[in-house]
Amino acid sequence: MRLKSYCLLKCEIIYCVFSWSLVLGQIRYSIPEELQLGAFVGNIAGDLGFDVKLLSSRSLRISPGSRKLYVDVNLENGVLFVKEKIDRENLCGSSLTCVISLDAVLENPLNLYQVAVEILDVNDNAPSFPKSQFRLEISEAAAIGARFPLESAHDPDIGNNSLQTYQLLPNEYFTLDIQMHRGDRKLPVLVLQRPLDREAVSVHRLNLIAKDGGVPLRSGTVQVTIIVKDVNDNAPVFPQSVYTVNVLETATPGTQIITLNATDLDDGKNGEIMYSLSSHSSARVREVFEVDPKTGEIRVKGKLDYEENKAFEINIQAIDKGSAGVPAHCDVLVTIIDVNDNHPEVSLMSLSRTVSEDIPVGTVVALFSAADQDSGQNGQVQCQISNKLPFKLDSALKNYYRLLVQDLLDRENISKHDITISCTDAGNPPLTTKKTIRVDVSDINDNAPRFSQRFYTANVMENNGVGSSIFSLSAFDPDVGDNALLKYSIIETRVQNVSVSTYVSISSDSGVIFAQTSFDYEQMKTFQMQVQVRDSGSPSLTSNVSVAVIILDQNDNAPVIIQPVAEFGSTAVETISRFAEPGYLVAKVSATDADAGQNALLAYSIFQATQHNLFTISSNTGEIWTTRLLGQIRYTIPEELQLGTFVGNIAEDLGLDVRRLSARNFRIAPGPRKQYVDINLNTGVLFVKKAIDREEICGRSLSCVLNLDGLLENPLKLCQVAVEILDVNDNAPAFPKRQLRLEISELSMPGTRYPLESAHDPDVGTNSVQIYELLPNDYFILDVQMRDREKLPVLVLQSSLDREKESSHSLTLIAKDGGVPVRSGTVHVTIKVKDTNDNAPVFFQSVYRVSLLETAPTGTQVIILNATDLDDGPNGEITYSLSSHTSARAQQLFDVDSKTGEIKVKGELDYEENVAFAINVQAIDGGTDAVPAHCDVLVNIIDVNDNPPEVTLTSLSHTVSEDAPAGTVVALFSAADKDSGRNGEVSCQVSKKLPFKLDSSLKNYYGILVHHPLDRENTSNYDVTITCTDAGSPPLTSKKTIRVEISDINDHTPRFTQSSYTANIVENNIIGASIISIAAFDPDVGLNAHLKYSILETQVHNTSVSTYVSINSETGVIFAQKSFDYEKLKNFQIQAQVMDSGIRPLASNVTVNIIILDQNDNVPTFIQPLAEFGSTVVDTISRFAEPGYLVTKVSATDTDTGQNAHLSYSIFQASQNNLFTISPDTGEIWTIRHLANEDASQQSLIIVAKDNGIPSLSATVTLILSVIVGDAESFSSTRMKETESERQSPVEAQRRVHGSGGCNQVLEVCSWGQRVQKILEVNPWEWRVQAGLKCESQAKPACGRQVQADPKDLKSRPF
């Protein structure tokens, strides 16, 4: 049906012909959206007059630009058909027109046609709401006529197919009004027509229908749920006013204490309760506890410490979230249970670090205290030390201990003691503290030196030498230092009426005894002497021992007490102060014994006492000490006394001698607190040293006592003093703030109570806060509530408040104490009356219009809206927001400040995407049951040149022949700009240096044409940069580079690299050897540059040149086809040709000259003199020949040329090496000296003729010279005649030589390094010598033999 209804399609065709032969046309079709794939659009071939049979060969195609290819062409029939599903709403949105622009491109030649396909809307979309359900909350106090805008429905169709009307199904409370929004947009608004009652109906459900105007009609439905909001008319209520909880002090942070649960009968936020610690809770409570605002759960926040706080009072406030909420309070009393979490603390007050080893038993070594901050059993401390030590602990006063000597000390046994004091409390589990002190035992001279033996016997041989050592004795002293430094001596005695010193002497340091005389056994057989050893102590101790020098061969006295002196029989009387400290020296008992030794050693003890634990006596010294206190001193003073004020006469009260206070170093032992009082050592008076503030020292405690320790030395004594501090009324009550501020709703009912923060007075008893007074006023009275022995002021509303009459009230509250005189503190209470929310915000305009550049950056201000609200406080505080009627795109791009109403740019604007925006802003106050107000801000976007041109390549010939004529189309492209007006006008160009130009005869379409002749050999490719610039200010430019390759034609003849070539080849070459390589170049490419070489046919010596040479057709290398002989052919010439492989091949010729080079391949030949026998020549010489006499001349020839024919002569061997010489150039042989009589009558010379070739070749001739007797002149004439005769006939002369007979010698050299001289010298190469054996008489020469010789041997001896 849809196809039938659109069977008639509108078609418009426009044709244009341009100068560069590119035909552009325009055609337009109209089709409905949602056609099936393959549906007919139009016969583009018939409409444009195309030959259907040429469509494929001309590559007809549809170019869609940047969009999908929704339609395509069938190349078989030329029909345009639907290729992709077309959805007009997806393509064009809400635009009233929807057109798809396409380009139809034909090639060979290149043609472009513009095709426009208009998409018509069909009613394929029903109106739909953004949500399936709307939810509104409306206060039950809303007035009749109140309007509530709803979100509108959306229909993507256009015209009559879009949204037309709304319908609300009937109900009892609401009607529907339709409001026109931004011209043609319809906004549904609910209007309240009768009052709401949450208690009667808490929820209303309505049905709203949106309908379009299409055929058939389509609609969408949404359900609107109205929640009736409650008003806040109930306050929270706690089930109890006071809760009691016990918590261990070890409870960790996060431990739950209690969960409170207040209830509120209201609904929603009016019934949502928030819990908090009220201002009545102390700062310490806030540090230690916290309450969850939602659950009411109280948890431990900080660290609990029973020793710091034994209980806490937490005041909790519960308030709902509604407007004008009234708080409720309750108290949580937390009792802290003590846990044994404190170790005992050991404080050392006095210590004698070094004690003498003779210290008496009972002497005090140290004094310390042991305390535990825990209470009860946890705070009871017991201390002990090891029972293996000679010390013990004594405690006569709670928590104070003395360390006493229990057993006699002996430094020689143990020189120091590490005493570990272990103090353990009585908790479960018990905690222990250990403290170790070291006591060093000092030495006394209590040990006399001891000899190692009780008696010594020294044997000495008579006739001994005078001064010789006769004996050595030694002693030992366990003391140290001087007490152990020993000296030896001999006690003076007489032996046979002569001093013992005349017989012997002793070394005082070593104890060696020396003879002072030479003994005679017959005169003296033995004698005895006494040797004494003495230490260096004070007083010193000695020991004696008897030394026998052998000359070879009973208890009857009772002790008597001498102190104290008995007054009545055996009774003595002493006094003691009741305040004497433990360790106080009461008296000393002394006794003597007339006996000696152990019988005179006395020990003291208490046999009987009226109180057995009060006194102790030293068993060694008889000193009597107190073991505990007899009583304690206590003083009472008020706080704030002046410095120096008298506290008490402590010396008198303790029975101390004032004159000895300084000597005994009487002082107040320092403790953890400041030293508030001190002792005047001159008067014994206790006085105030620092200002005493009872509140600072003891806080709110009812009793305040300073416990002091008085310490005396010599002997050590401790007395406890308690100073009680009495409170004076020196502080007035004070409120925590100078002014209290309360906010109370004008809807509050009379009788509502409002607790206030209480005043604080650091004084105690009647000096603390006793009463509160509120100055008279019309609205409030005061009630005083007791809370944990503390009075809490509470305001009670007695008259209704009216904010319109009085928005605030100022009250004065006075707190008074009961001291004399009475002190008071005042606080001002300001009551602010809170407003109810009875006014909605109002905008000054319903529509605002703004223009904005599309380049406006993020944060740019668009407009500041200002709505007003007559209410006060949160009810008048307006919050701005973008409503749901604002499109999602507008919400992405714009933002409104919730407080100021300032609208700012949030995203990136784009005129090409949206030319305008409608922003719906909502203003709502902060009160409950708030009613929003709306306004529209219409923002028009101003176009800015922010889009560079877009270049789209439609067609491109990537390769162009270099002979392409001017005007040939290389490429086709379009240039467009998304901007509008001048900003969207585009002009394009290419570089004028290129052989191309642009041509445009249709707006925004360009062709690239060949403008100048192309030459591939000059430039093989071009990067053509298309520069397109718009007309904006400033203009924007886009560049696109395309590469055009220039294809080659065969327009260049190959060229040889040289105009002619010359090749040299050495004769006797190998057949097939390379002679020369010729090369040619063709600037063309491909087959046009593929070269083939050949030799043109010619005749050389009447023979085809191909018999001499050949050429490689690919490489141009010329090869020899025969072995050349220089002596026959010295040079010849050929013609070489090179030809490319183009379609019409081109060729070039070149001349190649081939020169045959001579090779040293011929041996020199002697021509003079002529050899008579083989290579032997016979001649004569006069014995009287002068030095320099020309003996003869040898001459040779060589058929080679050049250096190969250049000969040199030398004498290879001579019978006498210093007689003859030869010219190397001419071959003339000369005498060097006179021939002596002893010279042989026959001289033999071997002459070598050698050419200069490489390698050189040589020939030899042997010259036999017979020495004759005769003058030189006649001999010369004779020689000349012979020479003449030889010249007549070489054959004849040769015969004569042979006829004379003689000895022939032949030398053949195979390889030589240097010239042959008289002595053979060669390089160290391998060589051979073939020599004939010397002839005997007329015998035939023997056969030659091979000889290997070392060149070093040849250098050292003649051949």
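Keep in mind that what you see is a predicted model, and the values were worked out from it rather than measured. (Residues numbered from 1 in each chain as written. Predicted model: local features only at pLDDT ≥ 70, side-chain atom pairs only at ≥ 80, totals over all residues. Heavy atoms only, no water.)

### A short note on the overall build of the protein chain
Of the regular secondary structure elements, the protein chain holds 10 helices and 98 strands. Relative to its 1359 residues, the protein chain shows a buried fraction of 43%. Working note: accessible area of the protein chain is about 70,800 Å², and carbon and sulfur atoms make up 49% of it. (Helix = DSSP H or I, 4+ residues; strand = E, 2+ residues; numbered from the N terminus. Buried < 20%, exposed > 50% of the residue type's maximum accessible area, 1.4 Å probe, protein only. Areas by Shrake-Rupley, 256 points an atom, 1.4 Å probe, with all protein chains shown as cover.)

### Quick notes on unusual backbone geometry
In this model, Val215 is joined to Pro216 through a cis peptide bond whose omega is 0°. Mapped onto the secondary structure, Pro216 falls in the loop between β14 (203–212) and β15 (219–229). Here the residue pair Ser1033 and Pro1034 is connected by a cis peptide bond, since its omega of -5° sits within 30 degrees of zero. Relative to the assigned elements, Pro1034 resides in the loop between β74 (1021–1030) and β75 (1037–1047). In this model, Ser59 sits at a positive phi of 55°, which is unusual for a non-glycine residue. Among the secondary structure elements, Ser59 is positioned in the loop between α2 (44–48) and β4 (61–63). Backbone geometry places Asn497, a non-glycine residue, at a positive phi of 65°. Positionally, Asn497 belongs in the loop between β36 (494–495) and β37 (498–499).

### Quick look at the state of the cysteines
By definition, a disulfide links two cysteine residues through a covalent bond between their sulfur atoms. For the coordinates displayed, the defined rule picks out 4 disulfides. Bridging Cys92 to Cys98, the disulfide has an S-S length of 2.0 Å. In this structure the cystine formed by Cys92 and Cys98 twists about its S-S bond by roughly 65°; its chirality is therefore right-handed. For Cys92, a relative accessible area of 18% translates into the label buried. Given the relative accessible area of 2%, Cys98 is considered buried. Each bonded cysteine of the protein chain gets a number by its place in the sequence, and the pairs then read 1-2, 3-4, 5-6, 7-8. (Disulfide = S-S within 2.5 Å.)

### With respect to the sheet that holds β15
Two strands in a sheet stick together by hydrogen bonds in their backbones, pointing the same way (parallel) or opposite ways (antiparallel). Read from one edge of the open sheet, 4 strands run β9-β15-β14-β11, paired in mixed fashion. A strand with exactly one partner marks an edge of an open sheet, and here the two such strands are β9 (133–139) and β11 (163–168). In this sheet, neighbouring strand axes are inclined to one another by 25° on average, regardless of whether the strands run parallel or antiparallel. Two strands pair when backbone bridges link them, and β14 and β15 are joined in this way by 9 bridges, in the antiparallel orientation. Bridge pairing in β15 places His204 opposite Ile226. (Pairing = 2+ DSSP bridges. Axes fitted to C-alpha atoms, helices over the stretch in contact; angles between N-to-C directions.)

### Notes on a nonpolar patch on the surface
A cluster of nonpolar residues, Val1066, Ile1155 and Leu1157, forms a patch on the protein surface that exposes about 200 Å² of accessible area. Among the structural elements, Ile1155 can be located in strand β86 (residues 1147–1157). (Patch = residues over 30% accessible without salt bridge, like charges linked within 9 Å, V, L, I, M, F, W, Y side chains within 5 Å. Salt bridge = Lys/Arg side-chain N within 4 Å of Asp/Glu carboxyl O.)

### Some points on the nonpolar core
Counting residues in hydrophobic clusters, the biggest one holds 31 residues, and the most contacted among them are Val41, Phe50, Leu80, Val115 and Val117. Only β2 (23–32), α2, β5 (71–74), β6 (79–82), α3 (88–92), β7 (99–106) and β8 (111–120) provide two or more residues apiece to this core. With residues near it in sequence (within four places) discarded, Val117 still touches Tyr29, Ile31, Val41, Cys98, Val99, Ile100 and Leu102. Grouped together as the second largest cluster of nonpolar side chains are 29 residues, Tyr243, Val247, Ile258 and Tyr275 included. (Core = buried A, V, L, I, M, F, W, Y, C linked by side-chain atoms within 4.5 Å. Contact = heavy atoms within 4.5 Å.)

### Here's the deal with the pattern of salt bridges
What the rule picks out here adds up to 35 salt bridges. Here Arg889 makes a salt bridge to Glu913, at a shortest N to O gap of 3.0 Å. Within this pair, whereas Arg889 is found in helix α7 (residues 888–893), its partner Glu913 is found in the loop between β65 (902–905) and β66 (916–925), the two being separated by 24 residues in sequence. Overall, the relative accessible area of 26% leaves Arg889 in the partly exposed class. Using a relative accessible area of 46% as the deciding quantity, one classes Glu913 as partly exposed. The salt bridge involving Lys1092 is made with Glu1114; its shortest N-O contact spans 2.0 Å. Placement of the pair is Lys1092 in strand β80 (residues 1092–1096) and Glu1114 in the loop between β83 (1109–1111) and β84 (1117–1120), with a sequence separation of 22 residues.

### Considerations on the side chain of Ser543
Here Ser543 shows up in strand β41 (residues 542–551). Residue Ser543 is classed as buried on the basis of its relative accessible area, which comes to 17%.

### A closer look at the environment of Leu1087
Mapped onto the elements of the fold, Leu1087 is located in the loop between β79 (1080–1081) and β80. A C-alpha to C-alpha distance of 9.5 Å links Leu1087 and Pro1145, two positions 58 residues apart in sequence. Leave out the neighbours within four places in its chain, and Leu1087 touches Asp1140, Ser1141 and Gly1142.

### A word on the sheet that holds strand β49 (residues 667–668)
Here we have 4 strands laid out as an open sheet, ordered β47-β53-β52-β49, and mixed in their pairing. Of all the strands in the sheet, just β47 (633–638) and β49 have a single pairing partner and so form its edges. The pairing of strand β52 (residues 705–712) with strand β53 (residues 717–726) spans 8 bridges and is classified as antiparallel. Within the sheet, the bridge partner assigned to Leu711 lies in β53 and is Leu718.

### Thoughts on the confidence of the model for the protein chain
Confidence along the protein chain averages 83 in pLDDT terms, with 89% of residues attaining 70 or more. When the criterion is pLDDT under 50, residues 1–23 qualifies, and its contacts beyond four places in sequence or with other chains add up to 60 contacts. Here residues 1280–1359 is modelled with pLDDT under 50, and outside its nearest four sequence neighbours on either side it reaches 115 contacts, counting other chains as well. (pLDDT = per-residue confidence, 0-100.)

### Some thoughts on the packing of aromatic side chains
Across all of its chains, the model carries 22 aromatic pairs by this definition. With a centroid separation of 6.3 Å and 80° between ring planes, the pair formed by Phe451 and Tyr456 is classed as edge-to-face. An identical accessibility class is assigned to Phe451 and Tyr456; each is buried. Judged by centre distance (5.8 Å) and plane angle (35°), the rings of Phe519 and Phe527 are tilted. For the pair Phe519 and Phe527, a shared accessibility class is recorded, and that class is buried. Of the aromatic side chains, those joined through ring pairs into one cluster are Phe451, Tyr456, Phe471 and Tyr488. In this structure, Arg194 is placed above the aromatic ring of Tyr173, and the distance from its NZ or CZ to the ring centre is 4.8 Å. One residue, Lys525, lies across the ring of Tyr521, its end atom 4.8 Å from the ring centre. (Phe/Tyr/Trp six-rings, centres within 6.5 Å; stacked < 30°, edge-to-face > 60°. Lys NZ or Arg CZ within 6 Å of the ring centre and 35° of its normal.)

### Overview of the environment of Tyr521
Relative to the elements of secondary structure, Tyr521 occurs in the loop between β39 (512–515) and β40 (526–534). Residue Tyr521 is classed as buried on the basis of its relative accessible area, which comes to 15%. Separated by 30 residues in sequence, Tyr521 and Ile551 place their C-alpha atoms 5.6 Å apart. With near-sequence residues (within four places) excluded, Tyr521 lies in contact with Glu462, Ile551, Leu552 and Asp553.

### Considerations on the side chain of Thr1027
Following the sequence through the fold, Thr1027 ends up in strand β74. Look at Thr1027 and you get buried, because its relative accessible area is 16%.

### What to know about the environment of Leu1245
By the element assignment, Leu1245 lies in strand β94 (residues 1242–1251). Filtering out sequence-adjacent residues up to four positions away, Leu1245 remains in contact with Ile1211, Gln1213, Ala1214, Phe1220, Ile1229, Val1261, Thr1262, Leu1263 and Leu1265.

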